[in-house]
Amino acid sequence: MGTAGHAFGADDDQKLSGTVIGTKESVDYASGKQSTTINTCRQAFDGRLDTFFASWERSYTWAGLDLGQPHVITRVGWSPRNDGLGEQRMLLGVFEGANSPDFMDALPLYIITEKGIIGTVSHADVSCSKGFRYVRYIGPADARCNVAELEFYGHPGEGDLSRPYHVTNLPTVSIHTQDGVIPYDKEHQIVSQLTIVSDQGLLQEMGTTRERGNASRGFPKKPYRIKFDQKQRVLDAPSKAKKWTLINNYGDKTLMRNLLAFELSRRLGMPYTPYGTAVDVLLNGEYKGTYQLCDQIEVRKGRVEIEEMTPQDNAGTNLTGGYLIEIDAYTYEEKSRFTSSQGNPVTIKSPDEDSITTQQSNYIRQQFNLMERNWRTYLDTNTFLRHFLVGELSGNTDTYWSVFMYKQRNDRLFYTGPVWDFDLAFNNDNRTYPVNSKTDYIYRSGGSYSGNMRSFADNIVVRDEAARAQLLEIWDEARQNGLTEENLVAFIDSMEHELALSQQLNFQRWPIMNTYVHQNPRIWGSYEAEVENVRTIIKERIKWMDKKLNYVYTPNAIAAMRIDYSLPYQVFDLQGRACGDQLNGLPAGIYIVRQGQAKRKVAVRGYSK
């Protein structure tokens, strides 16, 4: 993961010198007091292994050089402080290069992935092709740097961006904030230089960073919302947008539950599934772990594609949409919100709180109340049922804790989606573990829900015969179009392979593998065991859903048969029950027709031969 080849002649390059720069405040261990003369960053460049730099602050501290002009760095060296913790203190330390003295434009050069050796300078080759005037080492979290010696090798040159460095095979998201301010809440947006490095190249633009999320903000590994000053197309995302989320996955030790749920969403035909991809994150040079870079749920092309309203849309057809809302247990924290007539807490996400008018707020509240009372007329059951199936197939206890819905202009229907928030899914919640032992749906067997959303869902998926028939059709459609054990296991396998290097670093940074965090029901003991648990759960869950829906899966490789109506045939429903020997007169639905040794599925909608 670390050592690169000698692309720039590292063997021939000399050790570089320059003006020492870095964190000024150090610690005098003898007195336990802050100092600017003892154990300073200068000791990291004095050529001696018996001295060291130890910063006063425990995190985000650094030592480096001003080289006077740009140099392409081809090699770095380091040696830890000679004490009982020295060998591990530099693990996950990061080397960076920049051309701005505040390091706002810094790019990563190398991350230390092995313990240091006391009394020896370890070296690694650097593959980044860009030239930098300023170079530095940033100590890992809670380490006070504690470095005995640092070395940089290279040669003068501007270089180029043909080969930027990223931490693992995943893209690297590197954030540098103005004045080193660490994001501390959801309201204050910290001016930031936002950098994304991948095999596709380099994206580096100005923007802002803040914390995001609700319960997830309480974890040591924080979630973030980044916002570019100008719209950007990030990696292979379909949307060009300013706002993006960094999901922290702290309680999900597979680091893939959200991405697996997004795959279920695609396979169950949701109109919009959020973009998400695994990334490594650095903040002000400190390694933060494995995250998922995802869409911000908002009204935008490539995201929730409805009309974006203006403050002038206050009457007639314009007032009817588009609106994006969230039925949310955390609505009380939001400004633009209401409680429905049936007791459901709703946040109005778009138009946002700064632009929504009284007319718009009153209209969407009235329409939502109308939909609750008359859901057969005002709810799009197609998206509601697909959303429901994603939640149940994943065993997500939070399906109705937070539900996005949207309403388009000149359309009376409320549509459900997109899906979101699956860190407790796939058997990761001690309140509902093990999900496959339940005889009823998870939302009715200990799942969390906002307001009266359980009753609302019951009216549709439990009490309404037409909705249950539609649910079965959607399930059959998905099963026939690739929602199979083999395909989902293959997806999990591919994610496990993709995350193999990154997860190792993540659990060095956050050593929680054998610790109960959030709602973990069990300690599985290793990353491989955590993934195997999910692999087993999804296999069992598909069978559980088939049984719950009284569905018999028959692969449609047999569906090429054409019915010869001059010969006898038999008709069965999806549960395998005989329905006679004629399609005429059958209620609308999906049926299996058997003729001789061949059989196929047939959709009946007021059928006539």
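Everything below is about the structure printed above this text.
Residues numbered from 1 in each chain as written. Predicted model: local features only at pLDDT ≥ 70, side-chain atom pairs only at ≥ 80, totals over all residues. Heavy atoms only, no water.

> Help me get a handle on the pairing of strand β11 (residues 172-177), residues and values and all.
For β11, a buried count of 6 out of 6 residues is recorded, marking the element as mostly surrounded by other parts of the structure. Burial along β11 is two-sided: the residues T172, S174 and H176 and V173, I175 and T177 are all buried. The pairing of β11 with strand β16 (residues 276-283) spans 4 bridges and is classified as parallel. Across the sheet, T172 pairs through a bridge with D280, a residue of β16. (Buried < 20%, exposed > 50% of the residue type's maximum accessible area, 1.4 Å probe, protein only. Helix = DSSP H or I, 4+ residues; strand = E, 2+ residues; numbered from the N terminus. Pairing = 2+ DSSP bridges.)

> Give a detailed account of the sheet that holds strand β19 (residues 337-339), specifying residues and quantitative values.
If you trace the 5 strands from one edge of the open sheet to the other, you get β19-β20-β18-β21-β22, paired in antiparallel fashion. Looking at strand neighbours, the two that pair on one side only are β19 and β22 (414-416), the edges of this open sheet. Ignoring strand direction, the axes of neighbouring strands in this sheet form an average angle of 30°. In this structure, strand β18 (residues 323-328) lies alongside strand β21 (residues 402-407), joined through 6 bridges in antiparallel fashion. Looking at the pairing, I325 lines up with M405 of β21. Strands in contact with helix α3 (residues 358-373) are β18, β19, β20 (345-350), β21 and β22; relative to β18, the strand with the most contacts, it is inclined by about 60°. Along the sheet face, helix α5 (residues 381-393) touches β21 and β22 and points at about 20° away from the line of β22. (Axes fitted to C-alpha atoms, helices over the stretch in contact; angles between N-to-C directions. Contact = heavy atoms within 4.5 Å.)

> Explain the environment of T40 to me, using residue names and the numbers behind them.
Along the chain, the position of T40 falls in the loop between β4 (33-35) and β5 (62-80). With 302 residues separating them along the chain, T40 and Q342 place their C-alpha atoms 64 Å apart. Once you skip the residues sitting within four places of it in the chain, T40 turns out to touch S26, F52 and F53.

> Which residues make up helix α7 (residues 465-480), and what are the values?
When the terminal C-alpha atoms of α7 are compared, their 23 Å separation across 16 residues agrees well with the 22 Å that a helix rising 1.5 Å per residue should span. Every buried residue of α7 is listed here: A467, L471, L472, I474, W475, D476, A478, R479 and Q480. Put simply, D464 is the residue that caps the front of α7, since its side-chain oxygen is 3.3 Å from the backbone nitrogen of A466. Immediately downstream of α7, the backbone of G482 shows phi near 115°, a positive value. (Expected span 1.5 Å × (residues − 1). Polar contact = N/O pair within 3.5 Å; in protein donor to acceptor, adjacent residues only side chain to side chain.)

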